[in-house]
Amino acid sequence: MAWGLFRAGAHRVRVTSMGQVVGVETDAILRRLEAAGIDTETADVLVAACERGFLLAMSEKEGGPEA
């Protein structure tokens, strides 16, 4: 569920002036998880894990230092 909501909102990314993706706007995702009955702390952990995986994948795709 968390990944599905994350994917639906992942188009709202934060980027540097050089165009590198550095994060995702997660407020709406967190609100939806909490509305589904997931406590705030657990929702934060789930969304953070999704964001880390997304950023790692973007870094690998772009040939960043993690690749």
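These numbers were taken from a predicted model, which means no experiment stands behind them.

Novice: How would you summarise the overall build of the protein chain if you had to cite specific residues and measurements?
Specialist: Each helix and strand counted, the protein chain has three helices and two strands in total. Taken from the N to the C terminus, the helices and strands of the protein chain come in the order α-β-β-α-α. Relative to its full complement of 67 residues, the protein chain shows a buried share of 28%. Looking at the protein chain alone, contacts between residues at least 24 apart form 44% of all its contacts between residues at least 6 apart. Working note: accessible area of the protein chain is about 4,500 Å², and carbon and sulfur atoms make up 54% of it.

Novice: Just give me the short version of the side chain of Glu51, but keep the residues and values in it.
Specialist: By the secondary structure assignment, Glu51 is in helix H3 (residues 40–61). The buried category is assigned to Glu51, whose relative accessible area is 16%. Here Glu51 is in contact with Phe6, Arg14, Gly23, Val24 and Thr26, once residues within four sequence places are set aside.

Novice: Explain a negative patch on the surface to me, and be specific about the residues and the numbers.
Specialist: On the surface, Glu34, Asp39, Glu41 and Asp44 cluster together to form a negatively charged patch. Considering the arrangement of structural elements, one finds Asp44 in helix H3. Relative accessible area serves as the criterion here: at 37%, Asp44 is assigned to the partly exposed category.

Thresholds, definitions, all that
- Residues numbered from 1 in each chain as written.
- Predicted model: local features only at pLDDT ≥ 70, side-chain atom pairs only at ≥ 80, totals over all residues.
- Heavy atoms only, no water.
- Helix = DSSP H or I, 4+ residues; strand = E, 2+ residues; numbered from the N terminus.
- Buried < 20%, exposed > 50% of the residue type's maximum accessible area, 1.4 Å probe, protein only.
- Contact = heavy atoms within 4.5 Å.
- Areas by Shrake-Rupley, 256 points an atom, 1.4 Å probe, with all protein chains shown as cover.
- Patch = residues over 30% accessible without salt bridge, like charges linked within 9 Å, V, L, I, M, F, W, Y side chains within 5 Å.
- Salt bridge = Lys/Arg side-chain N within 4 Å of Asp/Glu carboxyl O.
- Lys, Arg positive; Asp, Glu negative; His and termini not counted.
- Charge placed at Lys NZ, Arg CZ, Asp CG, Glu CD.

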